[in-house]
Amino acid sequence: MMDKELEKLSRLTPPAADPEARARALAAAMQAFDSAENNAATAQGNAKGWRPSSIINWIWSSAVNKKFLAGSALATLLVIPAAGYLTLELARNQPIVDQEKIAGTVSKNDMPKPAQPRLSEAPAEENRPAQSSAADSTQVLQDKQPQAAKSAAELRAEFDAGEIATLKNKSEGSAAALGMAKRAAPAAPGVVAQGQLLAEPMAVAPSPVPPADGRMQIQLDPSRERFANAAANPIKSVATDPVSTFSADVDSASYSFVRRSLTGGAMPDPQSVRVEEMINYFPYDWAGPEKADQPFKATVTVMPTPWNHDTELMHVAIKGYDIAPATAPHANLVFLIDVSGSMDEPDKLPLLKSAFRLLVSKLKADDTVSIVTYAGNAGTVLEPTRVAEKSKILSAIDRLEAGGSTGGAEGIEAAYNLAKQAFVKDGVNRVMLATDGDFNVGPSSDEDLKRIIEEKRKDGIFLTVLGFGRGNLNDSLMQTLAQNGNGSAAYIDTLAEAQKTLVEEAGSTLFPIAKDVKFQVEFNPERIAEYRLIGYETRALNREDFNNDRVDAGDIGSGHSVTAIYEITPKGSPAVMNDDLRYGAAGKAPAETSDGTHQGELAFVKMRYKRPGEDKSALITTPVGDGNTVATVDAAPGDVRFSVAVAAFGQKLSRITALDAYSYQAIANLAAASRGTDPFGYRSDFLGLVRLADGLSQ
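Residues numbered from 1 in each chain as written. Predicted model: local features only at pLDDT ≥ 70, side-chain atom pairs only at ≥ 80, totals over all residues. Heavy atoms only, no water.

S.K.: Would you mind showing me how to read the overall build of the protein chain here?
M.R.: Scanning the protein chain from N- to C-terminus turns up 21 helices and 16 strands. Taken over 698 residues, the protein chain has a buried fraction of 44%. A sequence separation of at least 24 residues applies to 77% of the contacts in the protein chain between residues at least 6 apart. Counting only carbon and sulfur atoms, one obtains 53% of the accessible surface of the protein chain, whose full area is about 36,500 Å². (Helix = DSSP H or I, 4+ residues; strand = E, 2+ residues; numbered from the N terminus. Buried < 20%, exposed > 50% of the residue type's maximum accessible area, 1.4 Å probe, protein only. Contact = heavy atoms within 4.5 Å. Areas by Shrake-Rupley, 256 points an atom, 1.4 Å probe, with all protein chains shown as cover.)

Take a look at the structure:
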């Protein structure tokens, strides 16, 4: 009920005020106010009109009222410089605000930029002003208040650490950055002038922490490595293709590639595995010739195949005549050293220099050494110098530094010319090329460089190619140069490998006993149905090349061992893969003499070679019969069994399907049982690699 009454009242229009009544009310109110003001007692304060207070407050109030303006100015002078200094320190350590935002703010405020000396050109919008306004400084302090709480010492420490990390991880640093961190890093080529730091964009990702040794670490792409390889040799039928021809190969680079990969925690690229080089990496105690008149002696063993009970292995071992050190000829060596920018890695030029120091220590006093370097162009670092002046040679090696592009062709020309200039008649004249093979200036294709090397070898100068480093290694080019330059190739991945190649095996590396060495094996179709050559894919020759002395082939040095292994399938074995020919004379026996000379032969091995300095080849032959056969694997000599284990390992790494069912453990067992004498530990290291491969393949 009450709500309804109130609602009715809210709708009523109030009566208009009476002007006379309003005037009377206003007059009465004014009269009452005047009366109260005149008669009321003082409630607070005192008769003097000011409040009682302490003497201190009175004095302070007076001082503040008089000095307020000066105090405000002083506070401003103290705060603004401090804010500017803190802003500069923070800006040096890390980006504070987005550069585009700063540029926009400056543009809106029309703030002019003070003139600054510029030593390098940079976009104007990326240049920070040398001074900031008070408003900018205040904004910066608000944005970075947590950082402002840090002490000046902490900010300085952060600045130094960040600056040094940036310098060490940039391939090209700025001069300004280098100047501010000069306590931590020396000047380097390619550094820009001071002032560049402020011209560089600040919004960048943080650099990774540099390694402890201070070297710049480069992430290398394994796909850039080029390897010389070919498809695995197929199984061939003796009925249609009874003759196998190939060039000798005494290189050992592939084994070092495999070791580098496995010890690095990765299975090797199958293209990097050349089985014959893995086998020939190891020294073997094959029987050698007694006189230098015949530089080789062949030993043939036929044994059961460990990974296939239905086939056999024909193992051909060649041992070269070992020249006594006292009778070794004088050596004229030219070190052709790649000092291009790609060699600036710990496992390249520094390791190379250590390796050549080892070699110099092995040479005789009357041998001569020259040094030619090449990068963008070639230069002679050391003219022919007798090893008696060893300190001069070592000093020249120690001064080598890397930098520039790689023009290998010009370096090769210069090295061969220097070797020809100091040519030693009846001695050893050899160019020793040390490189990662990354030629990128001048003639750089394999074919172009092959033609240069083929032309130079006519002067009787041999070639050794030593590969270094990883990531951009050009093994394909190294093989091309070595095979066509009457030489050999090795890969140096550690100082221990340099010791093996250049010191322990210096005789076989430096002193050739034969060149253009070729092998040809003919199988008896009456006894053998099929065969497969293990390895030597890149050394295959045509059948007619064997008797053609103009066809180049591999070279063998003093005391070198060369091993070739065939997997052969006897006639009637269930392992035969090819059907008999319908229209061919597959079972026709070879021609025989009246006395049955060929009766019982399994194969006939032939070797051709030229002596150094000669152009006409000589022939050595060896028949293979039942007298070369052993009944079991264990009955074969220890060196034969160990080399077979290495052959099995190389094939398995190459993913040859014939080895799919043969385990790494079986390979390790075979190698361990035939390890024999191992004075340098090479065979023990091999067992470790097999175990690594077994673990990585799981």
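S.K.: How should I be thinking about the sheet that holds strand 7 (residues 378–386) in this particular structure?
M.R.: Each strand in a sheet pairs with another by means of backbone hydrogen bonds, the pair being arranged parallel or else antiparallel. Across the sheet, which stays open at both edges, the six strands sit in the order 7-6-5-8-9-10 with mixed pairing between neighbours. Of all strands in the sheet, those with a lone pairing partner are strand 7 and strand 10 (487–492), marking the two edges. With strand direction ignored, the average angle separating the axes of adjacent strands in the sheet is 15 degrees. Where strand 6 (residues 368–374) lies against strand 7, six bridges are found, and the strand directions are antiparallel. Bridging from a neighbouring strand, valine 372 pairs with threonine 380 of strand 7. Of the strands in this sheet, strand 5 (331–338), strand 8 (428–435), strand 9 (462–468) and strand 10 are in contact with helix 12 (residues 349–362), which crosses strand 5 at around 175 degrees. Each of strand 5, strand 6 and strand 7 is contacted by helix 13 (residues 390–398), which is oriented at about 160 degrees to strand 7, the strand it contacts most. (Pairing = 2+ DSSP bridges. Axes fitted to C-alpha atoms, helices over the stretch in contact; angles between N-to-C directions.)

S.K.: Sorry if this is basic, but what is going on with the nonpolar core here?
M.R.: Taken as a class, soluble globular proteins show a tendency for nonpolar side chains to be buried jointly. Counting residues in hydrophobic clusters, the biggest one holds 42 residues, and the most contacted among them are Phe282, Phe649 and Phe686. For this core, the secondary-structure elements that each account for two or more residues are helix 10 (253–263), helix 11 (275–279), strand 4 (308–320), helix 19 (638–653), helix 20 (664–673) and helix 21 (682–696). Other than its neighbours up to four places away in sequence, phenylalanine 686 contacts Tyr255, Phe282, Phe642, Ala645, Val646, Phe649 and Ala671. Grouped together as the second largest cluster of nonpolar side chains are 36 residues, Leu349, Leu394, Ile397 and Leu502 included. (Core = buried A, V, L, I, M, F, W, Y, C linked by side-chain atoms within 4.5 Å.)

S.K.: Please clarify how the packing of aromatic side chains should be interpreted in this entry.
M.R.: Two aromatic rings are characterised by how far apart their centres lie and by the angle between their planes. All chains considered together, the criterion is met by 21 aromatic pairs. With a centroid separation of 4.6 Å and 45 degrees between ring planes, the pair formed by phenylalanine 246 and tyrosine 536 is classed as tilted. One end of the pair, phenylalanine 246, is in strand 2 (residues 243–247); the other, tyrosine 536, is in the loop between strand 12 (528–534) and strand 13 (554–557), with 290 residues separating them in the sequence. Per residue, the accessibility class of phenylalanine 246 equals that of tyrosine 536, and both read buried. An angle of 20 degrees between the planes, with centres 4.9 Å apart, marks the rings of tyrosine 284 and tryptophan 286 as stacked. The exposure classification of tyrosine 284 matches that of tryptophan 286, with both residues buried. Through a chain of ring-to-ring contacts, the aromatic side chains of Tyr255, Tyr281, Phe282, Phe642, Phe649, Tyr664, Phe680, Tyr682 and Phe686 assemble into a single cluster. Here the guanidinium or amino end of lysine 500 rests over the ring plane of tyrosine 281, the centre of that ring lying 3.9 Å away. Taking NZ or CZ as reference, arginine 683 lies 4.4 Å from the ring centre of phenylalanine 642, over its face. (Phe/Tyr/Trp six-rings, centres within 6.5 Å; stacked < 30°, edge-to-face > 60°. Lys NZ or Arg CZ within 6 Å of the ring centre and 35° of its normal.)

S.K.: Would you take a moment to explain helix 19 for this structure?
M.R.: Helix length check: helix 19, at 16 residues, gives a terminal C-alpha distance of 23 Å against a target of 22 Å (1.5 Å per residue), a fit within 8%. Within helix 19, 15 of the 16 residues are buried, which leaves the element mostly enclosed by the surrounding structure. (Expected span 1.5 Å × (residues − 1).)

S.K.: Sorry if this is basic, but what is going on with the environment of alanine 328 here?
M.R.: With respect to the secondary-structure elements, alanine 328 resides in the loop between strand 4 and strand 5. Expressed as a C-alpha distance, the spacing of alanine 328 and phenylalanine 511, which sit 183 residues apart in the sequence, is 7.6 Å. Look past the residues within four positions of alanine 328 in its chain and what remains in contact with it is Ile323, Lys364 and Phe511.

S.K.: Mind showing me how you'd approach the pattern of salt bridges here?
M.R.: Between side chains of opposite charge, a pair can form when the charged atoms approach closely. One pass over the full model with this rule turns up 17 salt bridges. A salt bridge links arginine 539 to aspartate 251, with the shortest nitrogen-to-oxygen separation between them at 3.0 Å. Taken as a pair, arginine 539 in the loop between strand 12 and strand 13 and aspartate 251 in the loop between strand 2 and helix 10 lie far apart in primary sequence, 288 residues in all. As far as the burial class goes, arginine 539 and aspartate 251 line up, both buried. (Salt bridge = Lys/Arg side-chain N within 4 Å of Asp/Glu carboxyl O.)

S.K.: Would you mind going over unusual backbone geometry with me for this structure?
M.R.: Trans is the common state for peptide bonds, and a negative phi is the common state for residues other than glycine. Backbone geometry at asparagine 486 places phi at a positive 50 degrees, although glycine is not the residue there. You will see that tyrosine 536, though not glycine, has its phi angle at about 65 degrees, which is positive. Taking the relative accessible area as the measure of exposure, tyrosine 536 reaches 1% and is therefore buried.

S.K.: I'm lost on the pairing of strand 13 in this one. Help?
M.R.: Of the two faces of strand 13, the one holding Gly554 and Ile556 and the one holding Asp555 and Gly557 are both buried throughout. Note that strand 11 (residues 512–523) and strand 13 share three bridges and pair antiparallel. Bridge pairing links valine 517 to glycine 554 in strand 13.

S.K.: Any chance you could explain the environment of tyrosine 416 here in plain terms?
M.R.: Here tyrosine 416 is to be found in helix 14 (residues 408–421). Separated by 45 residues in sequence, tyrosine 416 and isoleucine 461 place their C-alpha atoms 7.6 Å apart. Once you skip the residues sitting within four places of it in the chain, tyrosine 416 turns out to touch Val431, Ile453, Lys456, Ile461, Phe462 and Leu463.

S.K.: I'm lost on the side chain of lysine 515 in this one. Help?
M.R.: With respect to the helices, strands and loops of the structure, lysine 515 is situated in strand 11. Despite its burial, lysine 515 remains without a salt bridge, the nearest opposite charge being carried by aspartate 615 at 4.3 Å. At 3.3 Å, the side chain of lysine 515 forms a polar contact with the backbone oxygen of glutamate 614. Beyond its immediate stretch of four places on either side in the chain, lysine 515 contacts Asn486, Gly554, Asp555, Tyr609, Lys610, Arg611, Gly613, Glu614 and Asp615. (Lys, Arg positive; Asp, Glu negative; His and termini not counted. Polar contact = N/O pair within 3.5 Å; in protein donor to acceptor, adjacent residues only side chain to side chain.)

S.K.: Can you help me understand a nonpolar patch on the surface in this one?
M.R.: Taken together, the side chains of Met267, Leu692 and Leu696 make up a nonpolar region of the molecular surface, amounting to roughly 210 Å² of accessible area. Here methionine 267 shows up in the loop between helix 10 and helix 11. (Patch = residues over 30% accessible without salt bridge, like charges linked within 9 Å, V, L, I, M, F, W, Y side chains within 5 Å.)

S.K.: What is the right way to look at the sheet that holds strand 12 in this model?
M.R.: If you trace the five strands from one edge of the open sheet to the other, you get 1-12-14-4-3, paired in antiparallel fashion. Whereas interior strands pair on both sides, the edge strands pair on one side only; in this sheet they are strand 1 (236–237) and strand 3 (296–305). Pairing geometry for strand 4 and strand 14 (residues 561–570), over eight bridges, is antiparallel. In the sheet register, isoleucine 318 faces strand 14, and the bridge partner there is valine 562. Relative to the sheet, helix 19 contacts strand 3, strand 4, strand 12 and strand 14, its axis offset from that of strand 4 by approximately 115 degrees.

S.K.: Help me understand the packing of helix 12 against helix 17 (residues 495–504) in this model?
M.R.: Axis angle and axis distance: for two packed helices, these are the angle between their axes and the distance between the axes, and together they describe the pair. Across the interface, helix 12 lies against helix 17 with an axial gap of 9 Å and an inter-helix angle of 35 degrees. Here the hand of the crossing between helix 12 and helix 17 comes out right-handed. Every residue of helix 17 that contacts helix 12 at Leu351, Ser354, Ala355, Leu358, Leu359 and Lys362 is listed here: Leu495, Ala498, Gln499, Leu502 and Val503. (Left-handed = near helix turned anticlockwise from the far one by under 90°.)

S.K.: I'm lost on the pairing of strand 10 in this one. Help?
M.R.: For strand 10, the tally of buried residues reaches six of six residues, placing the bulk of the element in the interior. Side chains Gly487, Ala489 and Tyr491 project from strand 10 onto one buried face, and the interleaved Ser488, Ala490 and Ile492 project onto a second face that is buried too. Note that strand 9 and strand 10 share six bridges and pair parallel. Bridge assignment links phenylalanine 468 to a residue of strand 10, and that residue is isoleucine 492. In this fold, the crossover linking strand 9 to strand 10 by way of helix 16 (residues 475–484) has right-handed handedness. (Right-handed = clockwise from strand over helix to strand, strands pointing away.)

S.K.: Before we go on, may I ask you to explain the packing of helix 19 against helix 20 in this structure?
M.R.: With their axes 8 Å apart at the nearest point, helix 19 and helix 20 run at an angle of 160 degrees to one another. Relative to helix 20, helix 19 is oriented roughly antiparallel. Where helix 19 crosses over helix 20, the two elements pack in a sense that is left-handed. Two secondary-structure elements touch here, helix 19 through Arg641, Phe642, Val644, Ala645, Ala648, Phe649, Lys652 and Leu653 and helix 20 through Tyr664, Ile667, Leu670, Ala671 and Ala673. Its residues placed into classes, the contact of helix 19 with helix 20 shows eleven nonpolar, no polar and two charged. (Parallel < 35°, antiparallel > 145°, perpendicular 65-115°, else oblique. Nonpolar A, V, L, I, M, F, W, Y, C, P; charged D, E, K, R; others polar.)

Any functional reading would require information that these geometric values do not contain.
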